[in-house]
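These are the residues of each chain, in order.
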Amino acid sequence: MYTTKNYKTKKELKEAVANGEIVTYFQAGPWGGNEPQNGVFCCEGPHYPEPHRWYATCTAKDGRIIKVE
């Protein structure tokens, strides 16, 4: 999955969540549309076509990321 905003580093993503920003996410390609609204999933970035340089385990509640590991 990807975050809606294209965070260049995992640190940027963690800071955004810690600062209370609303961080949403999506699944690219033909697999999109069935993203979990609650639970744990993996995120990666930056967005394709750039090579992925970070991966994170994210926890979501009501369609927003609330925790990043």
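About the criteria used
Residues numbered from 1 in each chain as written. Predicted model: local features only at pLDDT ≥ 70, side-chain atom pairs only at ≥ 80, totals over all residues. Heavy atoms only, no water. Phe/Tyr/Trp six-rings, centres within 6.5 Å; stacked < 30°, edge-to-face > 60°. Helix = DSSP H or I, 4+ residues; strand = E, 2+ residues; numbered from the N terminus. Buried < 20%, exposed > 50% of the residue type's maximum accessible area, 1.4 Å probe, protein only. Pairing = 2+ DSSP bridges. Axes fitted to C-alpha atoms, helices over the stretch in contact; angles between N-to-C directions. Core = buried A, V, L, I, M, F, W, Y, C linked by side-chain atoms within 4.5 Å. Contact = heavy atoms within 4.5 Å. Polar contact = N/O pair within 3.5 Å; in protein donor to acceptor, adjacent residues only side chain to side chain.

Participant: Looking at this structure, I do not really get the packing of aromatic side chains. What am I missing?
Facilitator: In this description, an aromatic ring pair is defined by two values, namely the gap between the centres and the angle between the planes. Counted according to the given criterion, the structure contains two aromatic pairs. Aromatic pair Tyr-2 and Phe-26: ring centres 5.7 Å apart, planes at 40°, arrangement tilted. Taken together, the residues span a long stretch of sequence, with Tyr-2 in strand E1 (residues 2–3) and Phe-26 in strand E2 (residues 25–26) at a distance of 24 residues. Given the relative accessible area of 9%, Tyr-2 is considered buried. Plain terms: the ring middles of Tyr-25 and Phe-41 are 4.5 Å apart, the flat faces sit at 35° to each other, and that makes the pair tilted. Residue Tyr-25 is located in strand E2, and its partner Phe-41 is located in strand E3 (residues 39–45); the two are separated by 16 residues in the primary sequence.

Participant: Can you help me understand the sheet that holds strand E4 (residues 54–61) in this one?
Facilitator: Strand pairing in a sheet takes place through backbone hydrogen bonds and is either antiparallel or parallel in direction. In spatial order, the strands read E3-E4-E5; together these three strands make up an open sheet with antiparallel pairing. Whereas interior strands pair on both sides, the edge strands pair on one side only; in this sheet they are E3 and strand E5 (64–68). Neighbour to neighbour, the strand axes of the sheet diverge by 45° on average, direction disregarded. Two strands pair when backbone bridges link them, and E3 and E4 are joined in this way by seven bridges, in the antiparallel orientation. Across the sheet, residue Cys-42 finds its bridge partner in E4, namely Thr-57.

Participant: Whenever I open this one, the pairing of E5 confuses me. Can you help?
Facilitator: Regular strands have side chains that alternate between both faces of the sheet. As judged from the four bridges shared by E4 and E5, these two strands associate in the antiparallel manner. In the strand pairing of E5, Thr-59 is matched with Lys-67. Counting the residues that bridge the hairpin from E4 to E5 gives two residues, and of these Asp-62 lies at a positive phi of roughly 55°.

Participant: I'm lost on the nonpolar core in this one. Help?
Facilitator: A general feature of soluble globular proteins is that nonpolar side chains tend to end up buried together. Counting residues in hydrophobic clusters, the biggest one holds 15 residues, and the most contacted among them are Leu-13, Val-23, Phe-41, Cys-43, Cys-58, Ile-65 and Val-68. Going through the elements one at a time, helix H1 (10–18), E3, E4 and E5 are the ones with two or more residues in this core. Here this core takes four residues from E4, the largest share from any one element. Excluding its chain neighbours within four sequence positions, the residues that come into contact with Val-23 are Thr-3, Tyr-7, Leu-13, Ala-16, Val-17, Gly-63, Arg-64 and Ile-65.

Participant: Would you mind going over the side chain of Thr-3 with me for this structure?
Facilitator: By secondary structure assignment, the location of Thr-3 is in strand E1. Classification of Thr-3 by relative accessible area gives buried; the value is 1%. Of the polar contacts made by the side chain of Thr-3, one reaches the backbone oxygen of Lys-5; its length is 2.5 Å. Beyond its immediate stretch of four places on either side in the chain, Thr-3 contacts Leu-13, Val-23, Thr-24, Tyr-25, Phe-26, Cys-43, His-47 and Ile-65.

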